[in-house]
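# Summary of the model geometry
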Amino acid sequence: MADCGLMLTAENVSFAYDRRARLVLDDVSLSVPRGAIVGLLGPNGSGKTTMLRLLSGTLTPTAGRVTLDDVAIAALSRRELARRIAVVPQDTHSAFDFSALEIVLMGRYPHLAAFELEGARDLSIARDALAATGTSALEARLFATLSGGEKQRVVIAGALAQASDVLLLDEPTASLDLGFQLDIAALLSRLNRDRAVTMVVSTHDLNFAAALCTEMVLLKAGRVIGVGPTREVLTRERVRALYGVDADVVDHPRAGHLTVVPLARAD
Amino acid sequence: MRAPTDLRRRIVLTFAGFGTLAAVVCLLAPLVGSTPISMPRVFDRAIPFADNVDAQVFFVARLPRVLAAVLVGASFAVAGVVFQAFLRNPLASPDTLGVSTGATLGAVIVITFHIDTAILGVSAVPVASFAGSAGALGVVYLLSVARRRGTSSTVLLLAGVALSAFLGAVSRLVQVIGDYTDVFRSIRWMMGSLDVGSYTDIVVPLVPMTIALAAIATLPRVLDLVSLGDPAAEARGVDVRRAERIALVSASLLTGSAVSLGGPIPFVGIIVPHIVRLIVGADHRVVLPAAALFGGSFLVVCDLVARTAFGPAGMPVGAVTALIGGPFFLWLLFRRFR
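A brief structural summary. (Residues numbered from 1 in each chain as written. Chains lettered and ligands numbered in written order. Predicted model: local features only at pLDDT ≥ 70, side-chain atom pairs only at ≥ 80, totals over all residues.)

### Thoughts on the overall build of chain B
A tally of regular secondary structure across chain B gives 14 helices and zero strands. In chain B, the succession of helices and strands from N to C terminus is α-α-α-α-α-α-α-α-α-α-α-α-α-α. At 20 Å, chain B has a C-alpha radius of gyration in line with the 20 Å of a compact globule built from 338 residues. Seen through its principal axes, chain B has C-alpha atoms that stretch 65 × 55 × 40 Å. Across the 338 residues of chain B, 50% fall into the buried class. Considering only residue pairs separated by 6 or more positions, chain B has 78% of its internal contacts joining residues 24 or more positions apart. (Helix = DSSP H or I, 4+ residues; strand = E, 2+ residues; numbered from the N terminus. Rg over C-alpha atoms; globule rule 2.2 N^0.38 Å. Buried ≥ 20, exposed ≤ 12 C-beta atoms within 10 Å, placed from the backbone. Contact = placed C-beta atoms within 7 Å.)

### As for the packing of helix α3 (residues 53–86) of chain B against helix α13 (residues 284–308) of chain B
Residues and elements named next belong to chain B. Close contact between α3 and α13 brings their axes to 7 Å; oriented N to C, the two are set at 140 degrees. As summarised for this structure, α3 and α13 are arranged oblique, according to the angle between their axes. Pair α3 / α13 crosses with right-handed handedness. Contact with α3, carried on its side by Arg65, Val66, Ala69, Val70, Val72, Gly73, Ala74, Phe76, Ala77, Val78, Val81 and Ala85, involves His284, Val287, Leu288, Ala291, Ala292, Phe294, Gly295, Gly296, Phe298, Leu299, Val300 and Asp303 of α13 and no other residues of that element. In terms of residue class, the contact of α3 with α13 is built from 18 nonpolar, four polar and two charged. (Axes fitted to C-alpha atoms, helices over the stretch in contact; angles between N-to-C directions. Parallel < 35°, antiparallel > 145°, perpendicular 65-115°, else oblique. Left-handed = near helix turned anticlockwise from the far one by under 90°. Nonpolar A, V, L, I, M, F, W, Y, C, P; charged D, E, K, R; others polar.)

### Regarding the interface of chain B and chain A
Taken together, the contacts link 25 residues of chain B with 31 residues of chain A. Broken down by element, the side of chain B that touches chain A gets its largest block of residues, four residues, from helix α10 (residues 230–235) of chain B. Split into classes, the residues belonging to the side of chain B that touches chain A amount to 10 nonpolar, six polar and nine charged.

### Thoughts on the sheet that holds strand β9 (residues 215–220) of chain A
All names here are of chain A. Read across the sheet, six strands follow the order β6-β7-β8-β3-β9-β10 without closing on themselves; strand pairing throughout is mixed. Here the strands that pair on one side only, and so sit at the sheet edges, are β6 (85–88) and β10 (223–229). Across the sheet, the mean angle separating the axes of adjacent strands is 15 degrees when strand polarity is ignored. The pairing of strand β7 (residues 166–170) with strand β8 (residues 198–203) spans five bridges and is classified as parallel. Within the sheet, the bridge partner assigned to Leu169 lies in β8 and is Val201. On the sheet, helix α1 (residues 48–55) packs against β3 (37–41), β7, β8 and β9 and is oriented at approximately 155 degrees with respect to β8. Along the sheet, helix α5 (residues 148–161) contacts β6 and β7; its crossing angle with β6, the most-contacted strand, is approximately 170 degrees. (Pairing = 2+ DSSP bridges.)

### A few points about the packing of α5(A) against helix α6 (residues 178–195) of chain A
All names here are of chain A. At a closest axis distance of 10 Å, the pairing of α5 and α6 adopts a crossing angle of 15 degrees. Comparing their axes, α6 and α5 come out roughly parallel. For the element pair α5 and α6, the recorded crossing hand is right-handed. On α6, the residues that touch Gly148, Gly149, Gln152, Arg153 and Ile156 of α5 are Phe180, Asp183, Ile184 and Leu187. In the contact of α5 with α6, the residues fall into four nonpolar, three polar and two charged.

### Side note on the nonpolar core
Ranked by internal contacts, the top residues of the largest apolar core, which has 178 residues, are A:Val104, B:Val78, B:Val82 and B:Ala291. Considering each element in turn, this core owes the most residues, 17 residues, to α3(B). If sequence neighbours within four positions are ignored, B:Val82 has contacts with B:Ile216, B:Leu223, B:Ala247 and B:Ala251. (Core = buried A, V, L, I, M, F, W, Y, C linked by C-beta atoms within 7 Å.)

See below:
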């Protein structure tokens, strides 16, 4: 886990959804070291979700490339990629009545051959993932009937069952109350520590990011305006540049990490 | 709640249970009709077939119609399952993307303009309806290709509704041109009829149906995953665009073949998938076979009622599907949410 080999990198990546449309991402380079939790921060529309989709290989860059352990991910099949990289989307809805366990078992898809049914091993991996996210008791409940926080943890369990070594999370706390936000932060730290899962987390919550992330990438209008260890990147100037907000960034002794207190619009 | 550990058992039970239902229904349905026949006589090998009137009624007069009902019911039901999963919409049906409306337009044109020449021994109406559905399928295909550029399933759904309304309007326009007999014939066709003349009528649509069913048989787990949304499915290793093209084209092919064989019979494609999910759960590895077998059995029973319960003239099977299926579905829903 302490091994600092670069793992997932984006090299001069640009992306536009349409040939004539503006660039959503413009010449972005970033690297995710093995074992790191990288926070992806930026205002609405800055390209965070697009960046995650490029990193997961579900979108292909217009220019530049994304590599995983020095292999261009464009050269990997969707299944190969899914065995290496799991994604937790912003929110997940189930159109039909699947139980929480059934949702988690779907994470085993890239490991199964065509027509192969989940076996005892897949089931124990799924149960293990439910236990790791504290959702064992929800196993038989219908996914649609769970609360937002429970759903998010079950979806994270599904990503764990995928047994990948990289986890990409798109605003995992966006619709959760304060208690659940803390739960998710604790859960992700624990998974990073105990299971050596490398993570990229996009979020609007600066304090959540400061508590969780070892490194940060700041995106504004599709460009990187700051990258590095959290303590170096998260400054008053950067918050102002990123959001146009005047804020105090202070080291909170009891929290043990930087905290951001927004004060007013800067302009 | 079922534990997925017994998925294998659920699959076996589904095939055994719904398979038995389909077999029993297919065996009993041809015994019922205006001419009473007896099962022991039908299968009495001692009487030569040429002299065995009961066997002739069973195998020549009634069984083709029963088999047509099985195929049409199964096709509509499976197409419904696929459309509902890919469009993530419980109201989606084989008609949602305009495919069966396209088929109707083809049939109405042939009936109204009396283009009644048989093509390769097959009457022109099914051929034209299949051509009509192929036209609509072409539009669906272009739409699904356009999805590569980020069109959402809601857009696909809306486009289907618009296409369906447009083709329906053209059908009615064509009907206005025709005389009373033509209009009566085409309306009767639109209510659905499984009155096939011989096994030949079944064999022709069976070919595209088999191809489409084989393609869909590779997709059940993909249907589970896409029902969580395209990004979730992609992240778990599904090639969503490719799967979607296979699924939409296959489901449209099923719909087109089924309509060319039995007319645009309503209700089976939208309700059978829901009935089946209420019984076997959400996993498409059990939903797909259950929908095919139950959809087939359901339409055989509806057709039995249609051809016997209202005198020799019978009534359109399309009216019976909704008359029987509606209350049954409501009962299942209430029983579940009580």
